Amino acid sequence: MQKICVLGSTGSIGVSTLDVIARHPELYAVFALTAHTQVRKLAEQCAQFNPSFAVVGTALAATELQLLLREKNITTEVLYGPQALCEVASATECDAVMAAIVGAAGLPASLAAAHAGKKVLLANKEALVMSGQLFIDAIQASGATLLPIDSEHNAIFQCLPQAYDRRPQQHGVHKIILTASGGPFLNRTLDSLDNVTPNEAVAHPNWVMGRKISVDSATMMNKGLEVIEAHWLFNAPAEQIEVLIHPQSVIHSMVSYLDGSVLAQMGNPDMRTPIAYGLAYPKRINSGVAPLDLAKVMQLNFIAPDFKRFPCLELAYAALKTGRSAPTILNASNEIAVQAFLDGKIGFRMIDQVIARVMDKLSIRELSDIDAIFECDQEARALSLEIIRT
Ligand SMILES: NC(=O)C1=CN([C@@H]2O[C@H](COP(=O)(O)OP(=O)(O)OC[C@H]3O[C@@H](n4cnc5c(N)ncnc54)[C@H](OP(=O)(O)O)[C@@H]3O)[C@@H](O)[C@H]2O)C=CC1
Ligand SMILES: CC(=O)[C@@H](O)[C@H](O)COP(=O)(O)O
Ligand SMILES: [Mn+2]
């Protein structure tokens, strides 16, 4: 029986994870669930999965959760705050951690799981983008197992040899091909993007996801973050990572080999497939996802991405090539700009402009520990906010 901690259990990935876990009560027990503000939803999850711990963001939310749990006679212990997230993610009783908090807020607990040698199921791509080498070093030093949950990286992981040891040349890898849907605005004229609303931006054509990642898909910053994520996961340089628009999201990514073979992982766009793969690795279990019916899909299309239409993708490649603090700055500025867009403070096409100005202004430096990473993250956030205000 594996004991699982689900960080971000009330979010889109968290809910899909619990759906898979519920299908296999003989294999998995829930050790801890965490949320930020959605206390009622978390209480319902506690009622169903009876975890040892539940974590929320504030003391007030913790009191509210305790009352709800008492009403239902549930004995789950309630904790709150960032330190509690790290404690449950690194607790001795926990075997595997689903890292599914959105954004930089997920880094400390994901890193704590890495340091503690857990099986880390990584959905929280921002954590890896921000901390890169530090995160990989933590995994390697503790002997933790890092399993990519992001659909593209999970697909690549499945297309690489089992014995892949982070040396692409040794395994005959020519290129990693990340597929991208192109988001909801792929076929709109550029000018019409000035006035798109947050609700239009989060209406992803193929995936049901949280609001932040949905906006990232619309700008293709999601793919940019994924290029950086692929660099760290598979130890491939920017030049070896290609992005290909594939509007159907049926091929989740591919690996092109030196002998001309291209291996692809395919499936219906449902995150329960990569989640089930991560939970059961190296075995396979039922995820609840229907088998792919290619006759129904009929067509698979491919288009090369246009940096003019998707400047965020170009910014992300540039940040990866610059290295050091550049990806941390890119991520922080993007989080601020996306939130400002969702709050109606800036237009959709301002997102890339804010990030470009921040990338231009801040000096690039080495970030050797977590404190330096968060200092840089805060600096980029402050400058982004200043640019948005003026
Ligand atoms: N959704 C998807 O299909 C995919 C997501 N990912 C990645 O997975 C991660 C999660 O995405 P998704 O599930 O869509 O996001 P959601 O917004 O749906 O969920 C986010 C989760 O994080 C919690 N949370 C938010 N802010 C904080 C905070 N400050 N401290 C602690 N917990 C917090 C939320 O709690 P509450 O509900 O209480 O606010 C919620 O449980 C992201 O990094 C995303 O890029 C990757 C691939 C696919
Ligand atoms: C499901 C998943 O992994 C998302 O990251 C998804 O890939 C977003 O789709 P885009 O290809 O539009 O970014
Ligand atoms: Mn993805």
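Residues numbered from 1 in each chain as written. Chains lettered and ligands numbered in written order. Predicted model: local features only at pLDDT ≥ 70, side-chain atom pairs only at ≥ 80, totals over all residues. Heavy atoms only, no water.

You'll find the protein entered in an unreviewed UniProt entry as 1-deoxy-D-xylulose 5-phosphate reductoisomerase, with Undibacterium parvum given as the organism. Under the UniProt heading Catalytic activity (unreviewed entry), the note attached to the protein is "2-C-methyl-D-erythritol 4-phosphate + NADP(+) = 1-deoxy-D-xylulose 5-phosphate + NADPH + H(+)". (UniProt positions renumbered as here; feature names shortened; annotations may be inferred.)

J.: How should the packing of aromatic side chains be read in this particular structure?
T.: Describing an aromatic ring pair means giving the distance of the ring centres and the angle of the ring planes. Taken as a whole and assessed by the stated rule, the structure comprises seven aromatic pairs. When the ring of Phe-31 is compared with that of Phe-53, the centres are 5.6 Å apart and the planes differ by 65 degrees; the resulting orientation is edge-to-face. Taken together, the positions of Phe-31 in strand β2 (residues 28-34) and Phe-53 in strand β3 (residues 53-56) put the pair 22 residues apart, joining distant regions of the chain. Measuring from centroid to centroid gives 6.2 Å for Phe-307 and Tyr-317, while their planes differ by 50 degrees, and the two rings are tilted. With a gap of 10 residues between them, Phe-307 in the loop between α12 (294-297) and α13 (311-322) and Tyr-317 in helix α13 connect regions that are remote in the sequence. (Phe/Tyr/Trp six-rings, centres within 6.5 Å; stacked < 30°, edge-to-face > 60°. Helix = DSSP H or I, 4+ residues; strand = E, 2+ residues; numbered from the N terminus.)

J.: Would you mind showing me how to read the state of the cysteines here?
T.: A covalent bond between the sulfur atoms of two cysteines is referred to as a disulfide. With the rule as written, the count across this model stands at zero disulfides. Cys-5 provides the cysteine sulfur closest to Cys-94, a residue in no disulfide bond, and the two sulfurs are 5.1 Å apart. (Disulfide = S-S within 2.5 Å.)

J.: Mind showing me how you'd approach the site of ligand 1 here?
T.: Around ligand 1 sit 24 residues, and of these Thr-10, His-36, Thr-37, Gln-38 and Glu-126 come closest. In this structure, Ala-123 approaches ligand 1 through a main-chain N or O atom, which is 3.5 Å from an oxygen atom. In isolation ligand 1 exposes 890 Å². Once the protein is present, 86% of that is buried. The set of elements that each furnish at least two residues to the shell around ligand 1 consists of α1 (12-22) and α6 (125-142). (Near = heavy atom within 4 Å. Polar contact = N/O pair within 3.5 Å; in protein donor to acceptor, adjacent residues only side chain to side chain. Areas by Shrake-Rupley, 256 points an atom, 1.4 Å probe, with all protein chains shown as cover.)

J.: How do you make sense of the UniProt feature "binding site: 1-deoxy-D-xylulose 5-phosphate" (unreviewed entry) in the protein when you look at a structure like this?
T.: As recorded in UniProt, the feature "binding site: 1-deoxy-D-xylulose 5-phosphate" (unreviewed entry) lies at Lys-125, Ser-151, Glu-152, Ser-181, His-204, Ser-217, Asn-222, Lys-223 and Glu-226. In this fold, Lys-125 is placed in helix α6. When its relative accessible area of 3% is taken as the criterion, Lys-125 is described as buried. Position of Glu-152 relative to the elements: it lies in helix α7 (residues 151-159). Discounting residues that sit within four places of it in the chain, Glu-152 has contacts with Leu-178, Thr-179, Lys-223, Glu-226, His-252 and Ser-253. (Buried < 20%, exposed > 50% of the residue type's maximum accessible area, 1.4 Å probe, protein only. Contact = heavy atoms within 4.5 Å.)

J.: Honestly, the pairing of strand β4 (residues 77-80) in this entry has me stumped. Any pointers?
T.: Along any regular strand the residues' side chains alternate between the sheet's two faces. Both β3 and β4 contribute to a ladder of four bridges, which runs parallel. Bridging from a neighbouring strand, Val-56 pairs with Tyr-80 of β4. Traced from β3 through helix α3 (residues 59-71) to β4, the parallel crossover comes out right-handed. (Pairing = 2+ DSSP bridges. Right-handed = clockwise from strand over helix to strand, strands pointing away.)

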